[in-house]
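Fold and contact review
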Amino acid sequence: MEIGIKSGSPEKQRGACVVAGIFDHRKPSLAAEIIDQASGGHLSAILRRGDMDGKPGSTLLLHDVPGMLCERVLLVGLGKEREFRDKQYRDTVRGVVRLLADTGIAEATLYLTDLPVKKRNLSWAVEQAVIVAEEAMYRFDRMKSKPEETSKQLRKLTLAVPRRGELAMGEAAAARGQAVAAGMKLTRDLGNLPGNICTPSYLAEQARAMAEEMGIGIQILERAAIEKLGMGSFLSVARGSDEPPRFIVLEYRGGEKKQKPVVLVGKGITFDSGGISLKPGAEMDEMKYDMCGAASVLGAMRAAAELKLPLNVVGLIPTCENMPSGRANKPGDVVTSLSGQTIEVLNTDAEGRLILCDALTYAERFEPACVVDIATLTGACIIALGHVASGLLANHDGLARELLHAGDEACDRCWQLPLWDDYAEQLKSNFADMANIGGRPAGTITAAAFLAKFAQKYDWAHLDIAGTAWKSGKDKGGTGRPVPLLVHFLAKRAEKASG
């Protein structure tokens, strides 16, 4: 979909459709007022008749409105003006884009970006409109023998800004939105692929293709090289599968050579059966999404490269399957990590932390400015936070605040949980340096407490995206989160580095 930025009065816009908002109690937005004046009170008459009351989600499509150069005017209900916030704005844009596509309108100009959203500015509104519009138009049908054919497609969306002097700002915001949306699409596409297609080898090759396209350095380590490094914890998980593991190392060098990099670490379990500690069969198909942490690293790095952020970013992705076999980890096994610390495997379904811990140790060689790992790690996080916020834990409060702020700006929020030393007591083992689980209480926190043992030499944060990386039910599919959060985090870091 083509995205454009334009200034100018709505009655002067040519094309298929102009979109304007109506607040509750039939109160027109500024753009709707201008249309009403240009039409000689045509909108006022319609509102008085009660055809549009401004309730959230309500719409009214008008043809041949007097005084307008466009073919149609779409009025959309905004709800109460004082309650019009982030969610209402995003929901409005999403609903409009879907309606335009369903109606067969090929192009439209939106006069929604200048609506008053509390604590938000024009730049935010444009960026979010682009992201939400691309999300609404996303389709994944590549695995169907006969993809649904439709001539109804929104080909061009123009976002209006109030003044000509704001065109450059709007274009920059739209470019950010498109970069984030492209990163999210990559992440969603990879997550939506089935496990028999998106294997560790396939994920590595897709990472290579993205890296070569975007000018990012890449190294892909196979089993022998991983063994030589001494990643015994990672390899213990990979042993149970016939699919060979891969360790993907990406380096985007946008900053000065001496600048310490931000390291992103993504969990890449391309299918998680639970291993010997086998998961229940119901909804096990969704365990193809257990590589969404890895996919989000690829999506975020793609966006960083597209935006040419003046920042050095390293991406580390350990990827394998977790399968039951005669070679698989058994409950009670003890494995040795790259750090030299030993781990008693009490539950083979707590495998994500076993591959991440070796990647966190590997990150030390980059002398990072900070490290953020992203993982669909614990079902406990879904119980705690549902599908709204990602879980955040960190050994550095300043880094945690950066991520919280980035999530708020990106409408991709996270919530910080405590990481006190007390929780590490649950990981004690009689037979190794630590156990890989700490029991049912505080499962999300003890998982992070485990990872923290391998991240003591740098500032580190952990994002548990088990509840936010995909949706179940009729809307089943990857969400692309937390790519928006990560891109905003990296962009702010880049701004500070260059400032």
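In this report, we go over the structure that sits alongside the text. (Residues numbered from 1 in each chain as written. Predicted model: local features only at pLDDT ≥ 70, side-chain atom pairs only at ≥ 80, totals over all residues. Heavy atoms only, no water.)

The interhelical angle for the contact between helix α9 (residues 292–306) and helix α14 (residues 483–498), taken along N-to-C directions, is 45°, at an axis separation of 9 Å. Between α9 and α14, the interaxial angle falls into the category oblique. With respect to the hand of their crossing, α9 and α14 are arranged in right-handed fashion. Where α9 approaches α14, its residues S296, G299, A300, A303 and A304 are matched on the opposing element by V483, L486, V487 and L490. (Axes fitted to C-alpha atoms, helices over the stretch in contact; angles between N-to-C directions. Helix = DSSP H or I, 4+ residues; strand = E, 2+ residues; numbered from the N terminus. Parallel < 35°, antiparallel > 145°, perpendicular 65-115°, else oblique. Left-handed = near helix turned anticlockwise from the far one by under 90°. Contact = heavy atoms within 4.5 Å.)

With that settled, consider the packing of helix α12 (residues 397–410) against α14. Where α12 meets α14, the closest approach of the two axes is 8 Å, and the angle between their N-to-C directions is 120°. Between α12 and α14, the interaxial angle falls into the category oblique. Two packed elements cross with a definite hand, and for α12 against α14 that hand is right-handed. Here L399, E402, L403, A406, G407, E409 and A410 of α12 lie close against α14, whose contacting residues are P484, L485, H488, F489, R493 and K496.

Two side chains that carry opposite charge are able to pair once their charged atoms sit near each other. For the structure on display, the rule yields 31 salt bridges. Taking the shortest distance from any N to any O, the salt bridge between K55 and D24 comes out at 3.4 Å. On the criterion of sequence distance, the pair formed by K55 in the loop between α2 (42–48) and β4 (59–63) and D24 in the loop between β2 (17–23) and β3 (27–28) is long-range, its members being 31 residues apart. A relative accessible area of 40% places K55 in the partly exposed class. Take D24: its relative accessible area is 10%, and that puts it in the buried class. Between R246 and E222 there is a salt bridge, with its nearest N and O atoms 3.9 Å apart. Remark: E222 occurs in the loop between β8 (217–221) and α7 (223–229) and R246 occurs in strand β9 (residues 246–253); sequence separation between them is 24 residues. The structure contains a network of salt bridges with shared partners spanning D86, R120, D408 and E409. (Salt bridge = Lys/Arg side-chain N within 4 Å of Asp/Glu carboxyl O. Buried < 20%, exposed > 50% of the residue type's maximum accessible area, 1.4 Å probe, protein only.)

Within the element layout of this structure, T468 appears in the loop between β19 (460–464) and β20 (470–471). Among the polar contacts made by the side chain of T468, one reaches the side chain of S390 at a distance of 2.8 Å. (Polar contact = N/O pair within 3.5 Å; in protein donor to acceptor, adjacent residues only side chain to side chain.)

Glancing now at the layout of surface pockets. One number sums up the size of the second largest pocket: a volume of about 1,000 Å³. In this structure, the second largest pocket is lined by 32 residues; those nearest its centre are K279, D349, T378, G379 and A380. Counting residues per element, the ones that place at least two in the lining of the second largest pocket are α11 (379–385) and α13 (443–452). Considering each element in turn, the lining of the second largest pocket owes the most residues, four residues, to α11. Tallied by class, the residues present in the lining of the second largest pocket amount to twelve nonpolar, ten polar and ten charged. (1 Å grid on protein atoms, 1.4 Å probe; cavity = no way out; pocket = protein on both sides within 12 Å on 5 of 7 lines; lining within 4 Å. Points joined across faces, edges and corners; volume = space filled by probe spheres on them. Nonpolar A, V, L, I, M, F, W, Y, C, P; charged D, E, K, R; others polar.)

Burial analysis of strand β11 (residues 268–272) places five of its five residues in the buried class, which makes it a mostly covered element. Of the pairings in the sheet, the one linking β11 to strand β12 (residues 312–322) comprises three bridges and is parallel in character. Looking at β12, one finds that D272 is bridged to N322. (Pairing = 2+ DSSP bridges.)

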